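# Structural overview for review
Next come the chains, spelled out residue by residue.
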Amino acid sequence: MHTFKKFTAFLTCCFITFFITQVRPNQVCSVASLKVQSKPTDAPPADSIFGIINAYAVVNAFDCARSLLLVDDPTGFTQGDRVLIIQMQGAKVNLTNTASFGDVVDMNQVGNFEFSKIESINGNEIQLWYELIKPYDLSGSVQLVKVPEYTDVFTGNLTCQPWNGKTGGILALTVKNEITLHRDMDVSGKGFLGGTFIDVDQSIYHETGYTYPINPLLAAQKGTGVAILAPEFSFGRGACANGGGGGNAHNAGGGGGAGAGSGGAGGLEYYTIPAAPTIGTNGMGGKPFLPNSKDKITLGGGGGAGHSNDFVSSNGGAGGGIIILQAGTIKNSTHTIRANGEDIYGPSGNIANDGQGGGGGGGTIVIDALKVDGTLSCSANGGRGGDCLFYVAEQIIGPGGGGGGGKILVQNNVLNKIVPSVLGGMPGTANQNLLNGAASGATGLVLPDPSILNDNVLAFPFKIIELNVVQPECSNEFNGQISVLNETANLFSINLAPFGPNPVFDTLTEGAYFIRVFDPIKNCTKDTIVTLTDLNERYLRFENEIIRCLGDTVMINNIIYTTTSLFRDTLESQTLDCDTIKTYQLQFLPNLTQQRTLAFCPGTSITIQGKIYTQPGTILDTLSSLLQCDTVRTTFLTFTETPRIQRNILLCRGEQVRINGMVYDSNAVVLDTIRTPDNCDTIRLNTIVLDDLPPTDFPQDTFLCPGTVLTLSNPFVDPNNGTPYQPNFSFAQPGVYAFSGRNANFCPESVQITVQTCCNEKGIYVPNIFSPNDDGENDRFCVFPVEACSNYQLQVYDRWGNLLFTGLDAANCWDGTFRDKMVPPGVYTWFLSFFAQDQGNRAVLKGSVTVIR
């Protein structure tokens, strides 16, 4: 909004003896007697489950067989756990600054999910019992979720960890027999995050771009979704996949996030009635992502933030989370399973004079059950957009758009027992109940028979190839044999020539052999070299190449080796005539290296491998690898240069501004510190300027001649664009007129003008008879001019031309005497001169007056 806006706070208090009650929006406050209630009859048993029952971990790597996972933190997982593997993000989108911004061009495995079990845990490595069926892209936030298994269970309030950009957002459980709902399951607002509003105290208008870099002066932040956006695309009205677009300047509303239904558009930018807002400034609603799919599930998209410059905007709403409930029988009476998008209420309630955030998109509910006793209410509604009501009724601002309805997947055999709700969220409203372009979210979908994968193909992870080498019994007997042990592959090659499927290479002569083992299903290849050698002496020769990474050790015959070397050992034969010479080619490969530079803000910290750093420096750490040598990483930590911004604050006469608790009412330059989304302090230079424009150039007094219309130029400006207001002022009657408006600095100003009737012959009355007989009526001869007359002179003459009387103002009247004697009755001539304002010069009137007794 503008610097001249005023704020009014409305405080409603409820007083109850001995209690202080916080009143939340839409609550009714009343005085009532205090009652002690007994425990509800549907209270869950003491051994029920409640709160957060799942554990979550980021999947950082797969082995090539896709059954060995490297996770960031195995805490909470144990051997034998049932787990869910799911890809949360990674969709590729159109990044052009057009209406197609955010359209998905490549799904990139987002929404793929399946179940497995943990065979073993070794450090951060988790070995699964089963091979993964679906493909996953690790650049797109793949997470591992522990799924508790129960035989029979009662539930308290169940929820999940909110999505934090890497993990969370999912409540999943399996019950073999019966699950009894004693409380709700609720993951509302636990999905993809809404955009965060950032305030800038400046007023830019008419921004219609779809994407901007981080620039809160021009636009607000988009909501997040299945695509991961770089910062240079994270602001602006264009929706990114199922995340809603942010409102553009000035004060437009954010779009709602999407579920299976699209999000609603936010409201257009600020305008003052009767003007109109700029089209194409409002945040666009999120786009549904694979709404009809039964084998892909996603979180609800986050709503876009509203554009702010008065600190009363709101963030976009978070989307709904994911609930997966697998059970034999679900017993329920009145409780509900919810995955709704977040509703938006501004920081000042609904009294908000900035653009407001869009509601979150509905999440996903999956019900995989054989039977439902009673009925089961499931809600995946979109969230409501924020209101922007303001006490200046003619100012219309951008409300938030409604979130799209989510998706409910239900096994067909219990579909008739489900009471579903996938409604789109309502938009917020602006003053005078106007939507200003804000729209509701679209209704979501209810689909039967979800596709839930439970892998049953056992995984046998590739290990280092083990070879069985059979040397000739003695020299010159070339019947050596090489066989591959403990492998599940069915394709082999020797010296790059296909061989197999039996992995036994026999009747081999002297020489070196390159053995390759390939598994096309797992897409894994392992190579090694084995040499069969004959010497003139009577011994067998065995060569083995051992490859390790620097820092590892190899023990041969109780001797530890740490460096690359060639080692020979002779084993005396106990049963044959041939001794065996074993040659070991030890090769220690160097670790890989990697360098990176990380910048962070003074006063904050950065975490590397679990250690927290608060100062610049050089950090060495090691990245473990499943398939090759570890990587030694060098990290250069530097401080981010403290950002600096400027803002100009114009104070109108009598206004004040508060900065860091200090009040300013005159010209000043003040530094303060603000926080930004990356937790960096930003130094802000506030230049306070007191309005010094001279008073509006407007006449204080003017004249209006009878029968004419006076027109004066309007002295004030339109606060929307700084141009002079129209129409001009017109006056048809004299009087005192007062006007209020804004000067060129948009500061309030008032002017007053007195319009008098101008002095001309039409504005003067002269009587033609009077009777100076002291009876109290018509005893004096007076002329009655309007008050604007000046340079006034009245002269009276007798019939012989003698000057009997001279008066220089209207109050100086002739009493009918000459030299203190009454004149005789008769007719006398008068002359009246004055300044005629309509002619611009002196005028003279002549007439006669009759004296009677």
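Predicted model only: the values in this text are computed from it and were never measured. (Residues numbered from 1 in each chain as written. Predicted model: local features only at pLDDT ≥ 70, side-chain atom pairs only at ≥ 80, totals over all residues. Heavy atoms only, no water.)

Quick look at the overall build of the chain now. The helix and strand inventory of the chain stands at 0 helices and 59 strands. Long-range contacts, defined here as pairs at least 24 residues apart, represent 67% of the contacts in the chain between residues at least 6 apart. Accessible area for the chain stands at about 41400 Å²; split by element, carbon and sulfur atoms hold 52% of it. (Helix = DSSP H or I, 4+ residues; strand = E, 2+ residues; numbered from the N terminus. Contact = heavy atoms within 4.5 Å. Areas by Shrake-Rupley, 256 points an atom, 1.4 Å probe, with all protein chains shown as cover.)

This part takes up the sheet that holds strand S50 (residues 748-757). Ordered by their spatial adjacency, 3 strands build an open sheet running S46-S50-S49, and the pairing between neighbours is mixed. Pairing within the sheet leaves two strands with one partner each, and these edge strands are strand S46 (701-704) and strand S49 (735-742). Across the sheet, the axes of successive neighbouring strands diverge by a mean angle of 30°, strand direction being ignored. Of the strand pairs in this sheet, S49 and S50 are connected by 8 bridges, and their pairing is antiparallel. Following the sheet pairing, Gly741 is matched in S50 by Glu749. (Pairing = 2+ DSSP bridges. Axes fitted to C-alpha atoms, helices over the stretch in contact; angles between N-to-C directions.)

Okay, empty space enclosed by the protein next. Per the counting criterion, the structure on display carries 2 cavities of 30 Å³ or more. Roughly 110 Å³ of volume is contained in the largest cavity. Lining the largest cavity are 16 residues; nearest its centre among them are Gly259, Ala260, Phe289, Thr298 and Lys407. Among the residues making up the lining of the largest cavity, the classes are represented as 7 nonpolar, 7 polar and 2 charged. (1 Å grid on protein atoms, 1.4 Å probe; cavity = no way out; pocket = protein on both sides within 12 Å on 5 of 7 lines; lining within 4 Å. Points joined across faces, edges and corners; volume = space filled by probe spheres on them. Nonpolar A, V, L, I, M, F, W, Y, C, P; charged D, E, K, R; others polar.)

The next thing to look at is the pattern of salt bridges. Counted under the stated rule, the structure contains 9 salt bridges. The partner of Lys117 in a salt bridge is Glu149, and the shortest N-O contact between them spans 2.8 Å. Taken together, the positions of Lys117 in strand S7 (residues 113-122) and Glu149 in strand S10 (residues 149-150) put the pair 32 residues apart, joining distant regions of the chain. Across the pair Arg684 and Asp672 runs a salt bridge, and its minimum N-O distance is 3.0 Å. Taken together, the residues span a long stretch of sequence, with Arg684 in strand S45 (residues 681-690) and Asp672 in strand S44 (residues 668-675) at a distance of 12 residues. Grouping residues by exposure puts Arg684 and Asp672 together as buried. (Salt bridge = Lys/Arg side-chain N within 4 Å of Asp/Glu carboxyl O. Buried < 20%, exposed > 50% of the residue type's maximum accessible area, 1.4 Å probe, protein only.)

The amide bond that connects Ala249 to the next residue, His250, takes the cis arrangement and shows omega of 20°. Mapped onto the elements, His250 comes out in the loop between strand S13 (185-186) and strand S14 (271-272). Here the residue pair Ile273 and Pro274 is connected by a cis peptide bond, since its omega of 15° sits within 30 degrees of zero. Here Pro274 shows up in the loop between S14 and strand S15 (322-331). Positioned with a positive phi, Phe311 is a non-glycine residue whose angle comes to about 65°.

Under the defined criterion, the tally for this structure stands at 2 disulfides. Between the sulfur atoms of Cys652 and its disulfide mate Cys747 the distance is 2.0 Å. Since a negative S-S torsion denotes a left-handed disulfide, the Cys652-Cys747 link at about -85° is left-handed. Placement of Cys652 in the loop between strand S41 (644-651) and strand S42 (657-659) and of Cys747 in the loop between S49 and S50 is noted, with a sequence separation of 95 residues between them. The same class applies to Cys652 and to Cys747, which are both buried. Between the sulfur atoms of Cys782 and its disulfide mate Cys813 the distance is 1.9 Å. With the S-S bond torsion at 120°, the cross-link from Cys782 to Cys813 turns out right-handed. Of this pair, Cys782 sits in the loop between strand S52 (769-770) and strand S53 (784-785) while Cys813 sits in the loop between strand S55 (803-807) and strand S56 (817-818), placing them 31 residues apart in sequence. Here Cys782 falls in the buried class, since its relative accessible area comes to 14%. Owing to a relative accessible area of 9%, Cys813 belongs among the buried residues under this scheme. (Disulfide = S-S within 2.5 Å.)

What follows covers the side chain of Asp387. In this fold, Asp387 is placed in the loop between strand S19 (376-379) and strand S20 (395-396). According to the relative accessible area criterion, Asp387 is buried, its value standing at 5%. Polar side-chain contacts of Asp387 include one of 3.0 Å to the side chain of Arg384. There is a polar contact of 2.8 Å between the side chain of Asp387 and the backbone nitrogen of Thr429. (Polar contact = N/O pair within 3.5 Å; in protein donor to acceptor, adjacent residues only side chain to side chain.)

Bringing the nonpolar core into the picture now. Nonpolar side chains tend to gather and get buried jointly when the protein is soluble and globular. Of all hydrophobic cores here, the largest spans 60 residues; its most connected members are Ile179, Met185, Ile330, Ile337 and Ile367. If you list the elements that add at least two residues to this core, you get strand S4 (82-87), S7, strand S11 (153-159), strand S12 (170-181), S15, strand S18 (364-373), S19 and strand S21 (407-410). Top element by residues in this core is S12. It accounts for 7 residues. Setting aside chain neighbours within four positions, we find Ile337 in contact with Leu181, Met185, Ile323, Leu325, Ile365, Ile367, Leu376, Ser377, Cys378 and Ser379. Ranked by size, the runner-up nonpolar core spans 21 residues in total, among them Tyr792, Tyr828, Ala836 and Val851. (Core = buried A, V, L, I, M, F, W, Y, C linked by side-chain atoms within 4.5 Å.)

Ordered by their spatial adjacency, 3 strands build an open sheet running S36-S40-S39, and the pairing between neighbours is mixed. Only two strands of the sheet have a single neighbouring strand rather than two, namely strand S36 (592-600) and strand S39 (617-623). Neighbouring strand axes in the sheet, compared pairwise and without regard to direction, differ in orientation by 25° on average. Of the strand pairs in this sheet, S36 and strand S40 (residues 631-639) are connected by 9 bridges, and their pairing is parallel.

This next bit is on the packing of aromatic side chains. Ring pairs (aromatic) are described by centroid distance and by the angle formed between their planes. The tally for this structure, following the rule as stated, stands at 8 aromatic pairs. Judged by centre distance (6.3 Å) and plane angle (50°), the ring pair of Tyr205 and Tyr270 falls under tilted. Taken as a pair, Tyr205 in the loop between S13 and S14 and Tyr270 in the loop between S13 and S14 lie far apart in primary sequence, 65 residues in all. Here Tyr270 falls in the buried class, since its relative accessible area comes to 4%. Considering the side-chain rings of Tyr797 and Phe831, the 5.7 Å spacing of their centres and the 85° angle between planes classify their relative orientation as edge-to-face. Here the residue Tyr797 occupies a position in strand S54 (residues 793-797), and Phe831 occupies one in strand S58 (residues 826-836), the gap between them amounting to 34 residues. One aromatic cluster is present, formed by Phe770, Phe781, Trp814 and Tyr828 through successive ring pairs. (Phe/Tyr/Trp six-rings, centres within 6.5 Å; stacked < 30°, edge-to-face > 60°.)

What follows concerns the pairing of strand S8 (residues 125-128). Side-chain direction in a regular strand flips from residue to residue, so the side chains alternate between the two faces of the sheet. The sheet contact formed by strand S3 (residues 68-71) and S8 spans 3 bridges and is antiparallel. In the sheet register, Leu70 faces S8, and the bridge partner there is Glu125. Where S7 meets S8, 4 bridges bridge the pair, whose relative direction is antiparallel. If you follow Ile121 over to S8, its bridge partner there is Ile126. Where S7 hands over to S8, the hairpin turn is made up of 2 residues, of which Gly123 adopts a positive phi near 65°.

Glancing now at the side chain of Ser493. Here Ser493 is to be found in strand S26 (residues 491-494). Once you skip the residues sitting within four places of it in the chain, Ser493 turns out to touch Pro498, Phe499, Phe505, Phe514, Ile515 and Arg516.

A word on the environment of Asn745. Looking at the secondary structure, you find Asn745 in the loop between S49 and S50. Considering only alpha carbons, one finds Asn745 and Asp692, 53 residues apart in sequence, at a separation of 9.0 Å. Other than its neighbours up to four places away in sequence, Asn745 contacts Leu650, Asp691 and Leu693.

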